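# Structure at a glance
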Amino acid sequence: MSATVTLRRLAMPLVRPFRTSKGEETVRDVLVASWTEDGVTGWAESAADAEPIYFPEYIDGVRGAIEQVLLPLVAGVSGVLTTGALRRSFAGVPGNQLARGLLETAVLDAELRRHQMPFVDFLCSVRRPIRVGVSVGIPGDLDTLLAWVAGYLEDGYRRVKLKIAPGWDLAPVRAVREAFGDDLPLQVDANQAYTPADIPLLSRLDEFGLVLIEQPFARHELLGHAKLAARHGTPVCLDESVLSLDDAMTAIRLGAADVINIKPSRVGGYVTARQIHDVCLANGVPVFCGGTLETAVGRAANLALATLPGFTLPGDISATSRYYAADIGPSFELDADGCLTPPSGPGFGVEVDLDAVDEFTVESTTLSL
Ligand code: NPG
């Protein structure tokens, strides 16, 4: 094999600070991988943060795992590396979903480009406009929240997700319901900030007719989530609890997930994301595509994934302008129906702007195999 992989850490300024129960970001610190082999380059980005905040892995850990564990495993593969050969090489590696997913996704994009195949075709899906939602961070006060939500509705979003945390839950939900009416599809995301002892408090959200409540409890709390779901109040959605296909199946069997948020990066890439989609579809569990403030690269791939039939709920895949004034690839903007359409080109269909990449790069390592 003769391939190179470049791992770049980009600092991308956000148009608006993004605060959740876990903390605030004003600049997205994002790890991007490019895989070049046989004259073709594939791109991928990671959901990893600088610290292990949402996920057990973090940027330096992902880089270390790729350099020290994963690349040596594929170095011996003969011929051009395929996604299938890569997955076989990594089959014995426990955990490390973000690291495996980053490398697998860059190799998948390169493989599809080599075959001139759009990702939607690889998924056996059909390219179509996808209805998307917006995830609204925690502002300082209710007036700011209402102004933000009003702006997003004006932009054309048809589903709103509010970040909640202890002390910022019933009041913002009530305020948004009162200001924008009962017909607005509204959901909340706690990012693990509560415990099952808070079930009585969370039950008070039922009166607001929410689409779902996402990840109220710690990621290991499957039984707590099952207890909340057993009330048949607001549907319970899992995000951070599901790092693999096995996690998804266990959650479904336990009745811990009425809905699953599928973030491809979190589960080890798009092949596993697809498998989770299929299992959910077979079990009647609706899914939506999660987001981690993606650049054009991840946004394009997520839009293609969201064309699959089980993605019946709008995903966290907003327009580029909701996140960035400048991106490393083409901008995605909402159409008149509040939809985005995946690109049509081979692979993820994104022509990466190398000058923009250079501009945002704060650290870069290139490794040859
Ligand atoms: O639209 O990309 C988006 C943001 C969606 O809320 C969102 N992402 O908890 O799901 C989350 C959150 C997130 C952002 C998680 C960054 C991890 C990193």
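What comes next is a walk through the structure. (Residues numbered from 1 in each chain as written. Predicted model: local features only at pLDDT ≥ 70, side-chain atom pairs only at ≥ 80, totals over all residues. Heavy atoms only, no water.)

## Quick word on the pairing of strand β3 (residues 40–45)
Of all 6 residues in β3, 5 are buried; the element is thus mostly enclosed. Pairing geometry for strand β2 (residues 23–37) and β3, over 6 bridges, is antiparallel. Note that in β3 the partner of A33 across the bridge is A44. The hairpin turn running from β2 into β3, its antiparallel successor, is 2 residues long, and D38 in that turn takes a positive phi close to 60°. (Buried < 20%, exposed > 50% of the residue type's maximum accessible area, 1.4 Å probe, protein only. Helix = DSSP H or I, 4+ residues; strand = E, 2+ residues; numbered from the N terminus. Pairing = 2+ DSSP bridges.)

## Here's the deal with a negative patch on the surface
A cluster of acidic residues, D353, D355, D358 and E359, forms a negative patch at the surface. Secondary-structure assignment places D355 in helix α14 (residues 354–360). For D355, a relative accessible area of 59% corresponds to the exposed category. (Patch = residues over 30% accessible without salt bridge, like charges linked within 9 Å, V, L, I, M, F, W, Y side chains within 5 Å. Areas by Shrake-Rupley, 256 points an atom, 1.4 Å probe, with all protein chains shown as cover. Salt bridge = Lys/Arg side-chain N within 4 Å of Asp/Glu carboxyl O. Lys, Arg positive; Asp, Glu negative; His and termini not counted. Charge placed at Lys NZ, Arg CZ, Asp CG, Glu CD.)

## Observations concerning the sheet that holds strand β1 (residues 3–20)
Read from one edge of the open sheet, 4 strands run β3-β2-β1-β13, paired in antiparallel fashion. On the outer flanks of this sheet lie β3 and β13 (361–368), each paired with one strand and no other. Within this sheet the neighbouring strands show an average axis-to-axis angle of 20°, counted without direction. Sitting on the sheet, helix α1 (residues 59–75) touches β1, β2 and β13, and the angle it makes with β1 is about 160°. Along the sheet, helix α3 (residues 97–114) makes contact with β1, β2 and β3, crossing β3 at roughly 145°. (Axes fitted to C-alpha atoms, helices over the stretch in contact; angles between N-to-C directions. Contact = heavy atoms within 4.5 Å.)

## Considering the nonpolar core
Note that soluble globular proteins tend to have their nonpolar side chains buried in a common cluster. Membership of the largest hydrophobic core comes to 90 residues, with the highest contact counts inside it found for V136, L162, L205, I260 and L305. Apart from residues lying up to four places away in sequence, L162 is in contact with V136, L145, V149, P172, V173, V176, L186, Q187, V188 and D189. Counting residues in hydrophobic clusters, the runner-up holds 31 residues, among them A3, I59, F90 and L102. (Core = buried A, V, L, I, M, F, W, Y, C linked by side-chain atoms within 4.5 Å.)

## Observations concerning the site of the ligand
Near the ligand lie 16 residues; those nearest to it are S135, N191, K263, L293 and Y323. Contact between the ligand and K163: an oxygen atom at 2.8 Å from a side-chain N or O atom of the residue. Within the backbone of G291, an N or O atom sits 2.8 Å from a nitrogen atom of the ligand. Contact with the protein chains hides 100% of the accessible area of the ligand, taken as 440 Å² for the molecule alone. (Near = heavy atom within 4 Å. Polar contact = N/O pair within 3.5 Å; in protein donor to acceptor, adjacent residues only side chain to side chain.)

## With respect to the packing of helix α9 (residues 245–254) against helix α11 (residues 270–282)
Contact geometry for α9 and α11: axes closest at 9 Å, N-to-C directions at 20°. Between α9 and α11, the interaxial angle falls into the category roughly parallel. For the element pair α9 and α11, the recorded crossing hand is right-handed. Of α11, the residues touching α9 (which contributes L245, A248, M249 and I252) are T272, Q275, I276, V279 and C280. Its residues placed into classes, the contact of α9 with α11 shows 7 nonpolar, 2 polar and no charged. (Parallel < 35°, antiparallel > 145°, perpendicular 65-115°, else oblique. Left-handed = near helix turned anticlockwise from the far one by under 90°. Nonpolar A, V, L, I, M, F, W, Y, C, P; charged D, E, K, R; others polar.)

## Remarks on unusual backbone geometry
A positive phi is found at D38, a non-glycine position, where the angle reads about 60°. Structurally, D38 is set in the loop between β2 and β3. Even without being glycine, N96 reaches a positive phi, approximately 55°. Locating N96 in the fold gives a position in the loop between α2 (83–89) and α3. You can call N96 partly exposed: its relative accessible area is 30%.

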